[in-house]
Structures are given as structure tokens and as C-alpha cells.
Amino acid sequence: IHPKHSFEFLDLKDLTSLAEAQMEEIQPDWTFNVQSGALLHDPKSNPKWAVFSVPAEQLSEAWKKWTWNMLRHNPRGPLNRPKPNKDMEETLKDGIFKEHFHLLNNGLSAVCDSLIIRGHQDPFIMSTSEDSVEIEVRNFQIVNGIQTTHTLFEAYDSNRSLKGVNIVVKISEFPGAENKTFVE
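Residues numbered from 1 in each chain as written. Predicted model: local features only at pLDDT ≥ 70, side-chain atom pairs only at ≥ 80, totals over all residues. Heavy atoms only, no water.

*Asks:* Explanation requested: the pattern of salt bridges in the structure shown.
*Replies:* As a working rule, side chains carrying opposite charge can pair if their charged atoms are close by. Following the criterion strictly, the structure yields 4 salt bridges and no others. Residue D29 pairs with R138 through a salt bridge whose shortest N-O separation is 2.9 Å. You can see D29 sitting in the loop between α1 (12-22) and β1 (30-35) and its partner R138 sitting in strand β6 (residues 132-138), a full 109 residues away along the chain. The partner of E90 in a salt bridge is K93, and the shortest N-O contact between them spans 3.8 Å. Of this pair, E90 and K93 both sit in helix α3 (residues 83-93), separated by 3 residues, roughly a single helical turn. According to the relative accessible area criterion, K93 is exposed, its value standing at 52%. (Salt bridge = Lys/Arg side-chain N within 4 Å of Asp/Glu carboxyl O. Helix = DSSP H or I, 4+ residues; strand = E, 2+ residues; numbered from the N terminus. Buried < 20%, exposed > 50% of the residue type's maximum accessible area, 1.4 Å probe, protein only.)

Put into C-alpha cells, the structure is as follows:
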């Protein structure tokens, strides 16, 4: 005898509502610490934006703390180990290639409600300074790059060393982005 099963069909709007009901109303705020030479931005642009390279451990720590709250603008979650994720894992295991991860990977794109950069004097010159720059983001939302983020987190969570592994982050400030559609 087979047990009875019931199914409910949901459209995208219903699925979104269900996901939002399950997700805590927490805005993922985070401060990235990067070296001054790993940052490019234009403080006079509207919207504000920045491109920077950040140690993979920092991104993994953000994912550990905020997980799904960082994906409100991303209609997909992590996939179950597709070939690109396996290739990233192999790169992370390779002693030579892992330090070039940021050159071999597309990085991630994100939006936020607020973007504040502290400690970077000249936005258009990539200095060789070892000075630390703080990049404060309010409501950090990954738009593209969840497979990379999740693969890095799995390595981090498995206590594999991510020393020397960096990831390129492209972020734009869009206050109130929660209520906007970026792609139709």
C-alpha cells in the first residue's frame, strides 16, 4: 500500500512569498577589510560602486552569518555540485592555481542599500599600499556569484585553507533595491 501524497502548484510569485515568509527580516550588513591596492571606485558616481578583491575567508564568514538573507535578489540558490563548482573545488586544492583564483573566476556581483568606503584616498589609482580599507555595506545582496560563494564556503566550512585565495566583488549602491526589478 502506497501512502497518499498531496501536491500544491505554485507560481513564481507564490514561491517568492513563501521564501520571504521563511526568511528572517534581517538585513545583512557587513564590513569588508581589503588592502588599499585592491580597490577601485568612483566616489562621485551615482549610483556609488566599487570593485575590490577580498580574501575568500571574509566572504565565507559573511555567508556563514547571513546565508539566505544575502540572496533576496537572486532567484536561484546554490546548485548541487555542478561541473563549474567541481572545477572551482579542484582549483582551490591546487597549490599553484588557488592563489590565482580571482583571475580564473568571474567573482560576484552584488547590490546594497548603502556603500561606505573608509581609508582610501585616491579612488582611481591602484596603489601598492598595504593600508587597510574598510568597505561597509548595508543589506548586502548577491545578484550573481552564488555558486562561487557557496563553493568557497564549503571549503571554508570543511576547514580547508583558503589562505591566499581572493575573490573579486563588484558592488553597486541601490537604496531600496528590495522593491526594484533589475532583470525581467
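There's more to say after this.
*Asks:* Looking at this model, I keep getting lost on the sheet that holds strand β7 (residues 141-144). Mind explaining?
*Replies:* Sheet strands associate in pairs through backbone hydrogen bonding, adopting either a parallel or an antiparallel arrangement. What the 5 strands build is an open sheet, ordered β2-β3-β8-β4-β7; its pairing is mixed. Pairing within the sheet leaves two strands with one partner each, and these edge strands are β2 (39-41) and β7. The mean angle between the axes of side-by-side strands here comes to 25°, regardless of whether they run parallel or antiparallel. Looking at chain direction, strand β4 (residues 108-112) and strand β8 (residues 166-173) are connected through 5 bridges and run parallel. Note on β8: the bridge partner recorded for S109 is K170. (Pairing = 2+ DSSP bridges. Axes fitted to C-alpha atoms, helices over the stretch in contact; angles between N-to-C directions.)

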